[in-house]
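# Coordinates in review
Spelled out from the first residue to the last, the chains are:
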Amino acid sequence: MPFNYAILKDWFSAEEEKDRPELTGLLPHQKLLLLSDGSMTLDLELLWRSMVEVEVKFQGITKLKDEAAYLEERTGKDALEREVWLKVEDKRLVYAHSVIPLDRIEDSILNDILANSSEPLGRVLTTRKVFFAKKKLEVGVVSCESAATDLGIDAKTPLIARRYILYNNSSPTKWVIKAGVTEIFSPEIISNRFFKER
């Protein structure tokens, strides 16, 4: 099933955090996961004190579509697409979808990702000592049939999500990596009560 979702509550910038009443009910560790600039893999491992494993749903070369505008790239570019579950102790916690334009990643890193598809993207980059930053971090509420089906919940269940651009570049034309990442959280770790109006 191709990755797609419906927006239930518009994306808003993580910089607006203090002005968003929806976030007031979240516990500190939930805010960490939702708003962190660091590695989701590392954050999950610190919180659960257990190794993050990956369940690969899809990995292959595709064309940039809807993500192109957010990534500020041209529609139709060749890109590596990855769709995985980040799991701890066999529990599906975060549904992660990433698209990486092939002209925005070094060949050696692309080869490492392809050769290590069962590893989280963050771990592949950390192992290679590739430092990265995030920009355009946004939070929203979505429904995602493929994630909900895997979790055994109703397809229309509101799910908390975030998206961002993960990047490392030494100049506007020389990229180590540029990826558009969307992460959808299981209600087990961030409850969909966030969706309720205050």
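For the structure, check the block above.
Below, the structure is looked at part by part. (Residues numbered from 1 in each chain as written. Predicted model: local features only at pLDDT ≥ 70, side-chain atom pairs only at ≥ 80, totals over all residues. Heavy atoms only, no water.)

### What about the sheet that holds strand 7 (residues 174–185)?
- Here we have 7 strands laid out as an open sheet, ordered 1-5-6-7-4-3-2, and antiparallel in their pairing. Two strands bound the open sheet, and with one partner strand each, they are strand 1 (6–13) and strand 2 (52–63). Neighbour-to-neighbour, the strand axes of this sheet turn through a mean angle of 20°, independent of strand direction.
- As paired elements, strand 4 (residues 91–101) and strand 7 share 6 bridges and run antiparallel to each other. Across the sheet, Tyr 95 pairs through a bridge with Ile 184, a residue of strand 7.
- Taken strand by strand, helix 1 (residues 28–35) contacts strand 5 (133–143), strand 6 (159–171) and strand 7, and its axis lies near 45° from that of strand 6. (Pairing = 2+ DSSP bridges. Helix = DSSP H or I, 4+ residues; strand = E, 2+ residues; numbered from the N terminus. Axes fitted to C-alpha atoms, helices over the stretch in contact; angles between N-to-C directions. Contact = heavy atoms within 4.5 Å.)

### Here we look at the nonpolar core
- Grouped together as the largest cluster of nonpolar side chains are 47 residues, with contacts concentrated most on Leu 34, Leu 44, Leu 86, Val 94, Ile 113, Phe 185 and Ile 190.
- When near neighbours in sequence (up to four residues on either side) are disregarded, Val 94 contacts Met 40, Leu 44, Val 84, Trp 85, Leu 86, Glu 183, Ile 184, Phe 185 and Ile 189.
- Phe 3, Val 142, Ala 147 and Leu 159 belong to the second-largest nonpolar core, a separate cluster that totals 10 residues. (Core = buried A, V, L, I, M, F, W, Y, C linked by side-chain atoms within 4.5 Å. Buried < 20%, exposed > 50% of the residue type's maximum accessible area, 1.4 Å probe, protein only.)

### Comments concerning unusual backbone geometry
- The phi dihedral of Glu 89 falls on the positive side, at around 50°, and the residue is not glycine.
- Along the chain, the position of Glu 89 falls in the loop between strand 3 (78–88) and strand 4.
- Given the relative accessible area of 58%, Glu 89 is considered exposed.

### Side note on the pattern of salt bridges
- Within the structure shown, the criterion is met by 17 salt bridges.
- In this structure, Lys 63 engages Asp 78 in a salt bridge whose closest nitrogen and oxygen atoms are separated by 2.7 Å. Residue Lys 63 is found in strand 2, and its partner Asp 78 is found in strand 3; the two are separated by 15 residues along the sequence.
- Under the relative-accessibility criterion, Lys 63 is labelled partly exposed at 46%.
- Note that Glu 72 is salt-bridged to Lys 136, the shortest N-O span being 3.5 Å. Linking Glu 72 in the loop between helix 3 (67–71) and strand 3 with Lys 136 in strand 5, this pair joins segments that are 64 residues apart in sequence.
- Among the residues examined, Glu 72 registers a relative accessible area of 53% and is labelled exposed.
- Given the relative accessible area of 32%, Lys 136 is considered partly exposed. (Salt bridge = Lys/Arg side-chain N within 4 Å of Asp/Glu carboxyl O.)

### Describing the layout of surface pockets
- Reported here for the largest pocket is a volume of approximately 460 Å³.
- In terms of lining residues, the largest pocket is bounded by 20 residues, among which Phe 3, Asp 66, Glu 67, Glu 81 and His 97 are the most central.
- Put simply, the parts of the chain that give the lining of the largest pocket at least two residues each are strand 2, helix 3, strand 3, strand 4 and strand 7.
- In terms of residue class, the lining of the largest pocket is made up of 8 nonpolar, 5 polar and 7 charged.
- If you add up the space inside the second largest pocket, you get close to 180 Å³.
- Around the second largest pocket sit Ser 39, Thr 41, Leu 42, Glu 45, Gly 122, Arg 123, Thr 126, Lys 129, Val 130, Phe 131 and Phe 132, which together line it. (1 Å grid on protein atoms, 1.4 Å probe; cavity = no way out; pocket = protein on both sides within 12 Å on 5 of 7 lines; lining within 4 Å. Points joined across faces, edges and corners; volume = space filled by probe spheres on them. Nonpolar A, V, L, I, M, F, W, Y, C, P; charged D, E, K, R; others polar.)

### Focus: the pairing of strand 3
- Among the 11 residues in strand 3, 10 count as buried, and that is most of the element.
- Looking at chain direction, strand 2 and strand 3 are connected through 11 bridges and run antiparallel. Within the sheet, the bridge partner assigned to Val 56 lies in strand 3 and is Val 84.
- Pairing geometry for strand 3 and strand 4, over 10 bridges, is antiparallel. Within strand 4, the residue paired with Trp 85 across the bridge is Tyr 95.

Purely spatial values, then, with no claim about function.
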